[in-house]
Structure formats: structure tokens, C-alpha cells
Amino acid sequence: MTTDHPRSHRRSRRRLLRLMLVVGAVGVLVAAAVFAVPQLLPAGPRPLFQMPVGCGETWQIGTYPGHGEYDVDFFPLDGDPWGQPVLASYAGTVTVAGINGSLGGRTPDNPDGPRGRGGGYWVKIDHGGRWETQYLHLLEPPLVEVGQRVAQGEQLGRIGSTGNSGAPHLHYEQRRGWEKVETWFDGQPSGITHDDAEYTVRLTSNNCPA
């Protein structure tokens, strides 16, 4: 009768452990490459983004010192801002639909309630070609879900003041890859770039049904 030597068992276990570590490391590298390589590719052409509000409506958009470069706030010129529809600027796929930070307690019934943190209820849309838009401070949970394909002009939610917000408005961003860029609407730059001074402009939305 023969018996296995304890040393051979230890060698086998060490070889198995080394193999598992190698396989694990390869898996991590492959996963990192799948995520990182697309981010290193050049962005595609800028989509023909439209304003994230209703067709033919004129809104005031602007920024202020400390707001963040290229960040844009939308305020309606007509009607109550609370609950006004927020629309997709361009077709794409929803990648985030939830809460950024904390909601706070500002509502139409309690507009001076406590502020929250971050963006409150928000939505992110991937438009392809490494282009993305973000919509923050929504009144209530978004009307869309992660993975959902949305059309240009489809309603994402309603204007509110959740998160770190002092009044009902829409905080909006356009991003190319990992960086924010100047917002363009209907093929024209908004003119909102730096936040070293208060700046506002009135624009009319061409986010109209095809």
C-alpha cells in the first residue's frame, strides 16, 4: 500500500493557490480594460442637444460664483417652477435614476425647509460616443429607470428643490467623457463657461416633437 507524502499535498495546494491568484489577477485586468479602454477613446460628434424643457418655452439659464464651471441652472420665466416637466435633451439610455446625496425637506408646501446634500433626485443619460447629460434637484423620484431607452423630449421628472438647493430649479450638465463641457442647445453654445461671475441668458427651447 502507498500513501501520499504530506509535502506533495502542500506543493499541490501551493500550485492551486498560485493558479487561482493568476486567474483572479487576469480577471481584474480584463474588467479594468473593459471599463477604462472606452474612456480613453476619443469622443464622438456632439449630439444635437436641446434644452431640457418644453418646446417653445423661454427660460432663464445661468450660473453664479462658486457654482461650478459649465454648470447651468434653469429657471422658468412663466408659471410656478415647482413641478414643471424636465425633458431629455437627446435620445439615450438612462444610467442613473435615484438619489444623489440626501433629499432635504424643501417641498412646494414647505419651500424653506432644510436643505439636503448633493443633487437630490437625479437622472443621468448616456447618449453614446462618450456624451452624457445630468439632471438634478428633481421634485420626486424620476419617471424613468436605469437601463431604459428614452427619446429626445421624453419626460424624466419634474422640477423641485431636493438636495443642496435653495429654490426650485433644474441643475443641468453636459459631459464629454469624464469632463464637463459648455452646454450647447440646438447647435449653439450657451455662453455659460466659467463661474467667476454671475451670468444669465434667456433662451427658447426647440425640444419639439419630430
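Check the entry above for the structure.
Structural notes, computed from the coordinates. Position numbers for residues start from 1 in each chain and track the written sequence from start to end. Totals for whole chains, interfaces and linings use every residue, but because this is a predicted model, local features are given only for residues with pLDDT of at least 70 and side-chain atom pairs only at 80 or more, for both listing and counting. Processing note: side-chain calculations cover all non-hydrogen atoms of the structure and skip hydrogens and water entirely.

**Regarding a positive patch on the surface**
On the surface, Arg11, Arg13, Arg14, Arg15 and Arg18 cluster together into a positively charged patch. Looking at the secondary structure, you find Arg14 in helix H1 (residues 6–40). The patch calculation keeps residues exceeding 30% relative accessible area without a salt bridge and links them within 9 Å when they carry like charges or within 5 Å when they are nonpolar (Val, Leu, Ile, Met, Phe, Trp, Tyr). Where accessible areas are quoted, they stem from the Shrake-Rupley method and a 1.4 Å probe; at the residue level, only the protein chains shown are allowed to cover. When a carboxyl oxygen of Asp or Glu lies within 4 Å of a side-chain nitrogen of Lys or Arg, that pair is called a salt bridge. Residues counted as positive are Lys and Arg, residues counted as negative are Asp and Glu, and His and the chain ends are not counted. The location of each charge is read from NZ of Lys, CZ of Arg, CG of Asp or CD of Glu. For the purposes of this entry, the term helix denotes a DSSP run of H or I that reaches at least four residues, the term strand denotes a run of E that reaches at least two, and both are numbered from the N terminus.

**Here's the deal with the state of the cysteines**
The disulfide criterion used throughout: a pair of cysteine sulfur atoms within 2.5 Å. Using the criterion set out here, one finds one disulfide in the structure. A disulfide bridge connects Cys55 with Cys208, and the sulfur atoms are separated by 2.0 Å. Taking the torsion about the sulfur-sulfur bond, which here is approximately 80°, the covalent link between Cys55 and Cys208 counts as right-handed. Of the two residues, Cys55 sits in the loop between H1 and strand S1 (58–63) while Cys208 sits in the segment after strand S13 (199–204), which places them 153 residues apart along the sequence. For the exposure calls, accessible area comes from a 1.4 Å probe over protein chains only, and a residue counts as buried if that area is under 20% of its type's maximum, exposed if over 50%, partly exposed in between. Judged by its relative accessible area of 40%, Cys55 falls in the partly exposed class. We classify Cys208 as partly exposed; its relative accessible area is 27%.

**Brief notes about the pairing of strand S4 (residues 92–102)**
Two strands are said to pair when DSSP picks up at least two bridges between them. As paired elements, S4 and strand S7 (residues 149–150) share two bridges and run antiparallel to each other. By the bridge assignment, Gly92 is partnered in S7 with Val150. In the sheet, S4 pairs with strand S5 (residues 117–128) via eight bridges, with the strands oriented antiparallel. By the bridge assignment, Gly98 is partnered in S5 with Trp122.

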